[in-house]
Amino acid sequence: MGSNPPVDDWATDYDIFDASYVKDPVPVWNELRDKCPIAHTERWGGSWLPTKYEDLQAFVRMVPALSSKNVLVVSQKREEMEFDPVLAEYGNSAPPITSDPPEHVPMRRMLLPLFSPKATEAHRSFTENLCHQLIDGFIDKGACDGALDYAVHIPAKTIAHVIGVDEDRSDEFVGWIRGLLEEGNTDLEKRNKYNRILRRFFGELVDARKLAPRDDLISHLLAQEINGQPVARKAVVGMCNLLLVAGIDTTWSSIGSALWHFAQHPEHRRRLANEPELFPSAIEEMLRVYAPVTMARLVTEEVQVGDVTFQPGDKVLMNFPAANHDPDAFEDADKVILDREKNRHIAFGIGPHRCAGSNLARMEMDVALRVWFERIPEFELSDPDAVTWAGGQVRGPRHLPFRF
Ligand code: HEM
């Protein structure tokens, strides 16, 4: 990653793995939006990078001309996976996120009730207890790594609890997901290694639940039908895989980014501590400003947007994070306003693939921040230079040295 040639011209040669971009992409998006709102690069297999809110809104609806069959920013050819029996069976299939119509809708419908506001609220007390236990573990030291001692465990243990897999193995799950999404972003051998581990894990679990159903999410998915037929095993394995992958890195990043922000902005930190009624709008503002997720689309038919003609085989990055900073869509777009009234951010995407887990993500953020502020209202970065970020598909802090 670090050895890539530096970027001279972001409009024609951007690099989403460039260290400065991973650390702070906002200046690049702002420059591009004025100069070249849909940038292009040949790096990492080539792709287009839109930066305007209205373009993102248009792109997500161009289905299936912009297909979700390949949502990875750096992709691998299907033939290259054939040598491996596990990958040959599954590829990167993770419905509904990797499905186009008509397959997409029934798969999505299966998941939505499991992540409704009511279904999600049932997990609130689990998450609250967890946050308190985590803080009990380090509060007396007056210091912690906000990313590794706190933020990461909240989505990892909560999604394990929701899916019905062993919460005590959450560190292992995090290792797999980091392997897949961080190292595996650009290192395809690593990606395949962790993809294989995840598929095997869920394959075995799905087979076990088929033989002996339980009152859990996997058994529930196995009991569903599509067009009168039981859901395919491969689809259930893919869905479970998606829930674990989508459930951990994303929310870890959002909780971490919010803590990073409040650690450095005493005026915001104190306002939130004194006006807890601001939590809902402050969380939406954190999601807007530090939106972590960029997904890709594969062009399947020639389409024209603005001055750009996209050809079949091209890749377009759904740069939801940049759209959230578009001054045509948000007043004072680069300012953090904890009580922002009009905030139609698209951190959870938009259109047919809009995040199915947004209620769970919001609940986890709400609990994580409320419990933190209740126990540790005053905190700061002990070593700002030691903060590290992951980027690419999911952007968020991975080391946050705090003292309090
Ligand atoms: C702050 C945390 C999160 C953010 C920012 C986020 C963001 C996103 C985005 C941008 C998409 C759209 C992808 C696309 O258009 O290709 C998406 C889809 C999805 N997310 Fe999330 N997500 C978060 C948390 C979660 C959690 C906790 C789950 C847990 C189950 C989850 C499950 C999903 C699923 C299943 C989809 C696919 C929906 C479909 O294709 O119909 N997400 N998410």
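Residues numbered from 1 in each chain as written. Predicted model: local features only at pLDDT ≥ 70, side-chain atom pairs only at ≥ 80, totals over all residues.

A. Layout of the overall build of the protein. Tallying secondary structure elements over the protein gives 18 helices and 14 strands in all. Against the globule reference of 22 Å for 404 residues, the protein gives a C-alpha radius of gyration of 21 Å, in line with a compact fold. Here the C-alpha coordinates of the protein stretch approximately 55 × 55 × 40 Å along the principal axes. Counting only residues that meet the buried cut, the protein has 45% of its 404 residues in that class. Sequence separation of 24 or more characterises 69% of the internal contacts of the protein that already satisfy a separation of 6 or more. (Helix = DSSP H or I, 4+ residues; strand = E, 2+ residues; numbered from the N terminus. Rg over C-alpha atoms; globule rule 2.2 N^0.38 Å. Buried ≥ 20, exposed ≤ 12 C-beta atoms within 10 Å, placed from the backbone. Contact = placed C-beta atoms within 7 Å.)

B. Seen up close, the pairing of strand S1 (residues 38-41). Bridge analysis of S1 against strand S2 (residues 47-50) gives 4 bridges, and the strand direction is antiparallel. Each residue of the ladder has a partner; that of Thr41, found in S2, is Ser47. Hairpin connection from S1 to S2: 5 residues lie between these consecutive antiparallel strands, with Trp44 at a positive phi of about 55°. (Pairing = 2+ DSSP bridges.)

C. Fine view of the pairing of strand S13 (residues 396-399). Summarising the sheet, strand S12 (residues 388-390) and S13 pair through 3 bridges and their orientation is antiparallel. Residue Trp389 lies in a different strand from S13, and its bridge partner there is Pro397. Turn length for the S12-S13 hairpin, with the two strands adjacent in sequence and antiparallel, is 5 residues, and the turn residue Gly392 shows positive phi of about 95°.

D. Up close: the site of the ligand. Surveying the vicinity of the ligand reveals 28 residues, the closest of which are Thr250, Met295, Gly349, Cys355 and Gly357. Broken down by secondary-structure element, the contributors of at least two residues to the shell around the ligand are helix H6 (104-111), helix H14 (233-264) and helix H18 (358-375). Top contributing element to the shell around the ligand by residue count: H14, with 7 residues. Among the residues making up the shell around the ligand, the classes are represented as 19 nonpolar, 8 polar and 1 charged. (Near = placed C-beta within 6 Å. Nonpolar A, V, L, I, M, F, W, Y, C, P; charged D, E, K, R; others polar.)

E. The arrangement of the packing of helix H10 (residues 153-163) against H18 in detail. Where H10 contacts H18, the two axes come as close as 11 Å, and the packing angle between them is 135°. When the interaxial angle is binned, H10 and H18 end up oblique. In the crossing of H10 with H18, the sense of the turn from one axis to the other is right-handed. Two secondary-structure elements touch here, H10 through Ile154, Pro155, Thr158 and Val162 and H18 through Leu360, Glu364 and Ala368. Per-class residue counts for the contact of H10 with H18 are 5 nonpolar, 1 polar and 1 charged. (Axes fitted to C-alpha atoms, helices over the stretch in contact; angles between N-to-C directions. Parallel < 35°, antiparallel > 145°, perpendicular 65-115°, else oblique. Left-handed = near helix turned anticlockwise from the far one by under 90°.)

F. Representation of the sheet that holds strand S14 (residues 401-403) within the structure. One open sheet accounts for 3 strands, arranged S4-S14-S11; its pairing is antiparallel. At either margin of the open sheet sits one strand with a lone partner, and together these are strand S4 (143-145) and strand S11 (380-381).

G. Inspection of the nonpolar core at higher detail. Ranked by internal contacts, the top residues of the largest apolar core, which has 111 residues, are Ile163 and Ala368. For this core, the leading source of residues is H14, giving 18 residues. Beyond its immediate sequence surroundings of up to four residues, Ala368 is in contact with Cys131, Ala151, Ile154 and Ile255. (Core = buried A, V, L, I, M, F, W, Y, C linked by C-beta atoms within 7 Å.)

H. Seen up close, the environment of Ala151. Within the secondary structure layout, Ala151 lies in helix H9 (residues 146-151). If we skip the residues at most four places from it in the chain, Ala151 touches Gly146, Trp252, Ile255, Gly256, Leu259 and Ala368.

I. Up close: the packing of H14 against H18. Across the interface, H14 lies against H18 with an axial gap of 10 Å and an inter-helix angle of 35°. Here H14 and H18 pass one another in a crossing that is right-handed. Residue-level contacts link Thr250, Thr251, Ser254, Ile255, Ala258 and Leu259 of H14 to Ala361, Glu364, Met365, Ala368, Leu369 and Trp372 of H18. Here the residues of the contact of H14 with H18 are counted per class, giving 8 nonpolar, 3 polar and 1 charged.

J. Main features of the environment of His123. On the secondary structure map, His123 appears in the loop between helix H7 (117-121) and helix H8 (124-138). A tally of 18 C-beta atoms within 10 Å means that His123 is categorised as partly exposed. It is 48 Å that separates the C-alpha atoms of His123 and Asp8, two residues lying 115 residues apart in sequence. With near-sequence residues (within four places) excluded, His123 lies in contact with Thr158, His161 and Val162.

K. Representation of helix H11 (residues 170-186) within the structure. The end-to-end C-alpha distance of H11, which contains 17 residues, comes to 24 Å, matching closely the 24 Å that a straight helix rising 1.5 Å per residue would cover. Along its length, H11 shows its largest kink, about 35°, at Gly179. For H11, the full list of buried residues reads Ser170, Phe173, Val174, Trp176, Ile177, Leu180, Leu181, Glu182, Gly184 and Asn185. Taken together, the buried residues of H11 touch H10, helix H12 (188-211), H14 and S12. (Expected span 1.5 Å × (residues − 1). Bend = angle between axes of the 7 residues up to and from the residue.)

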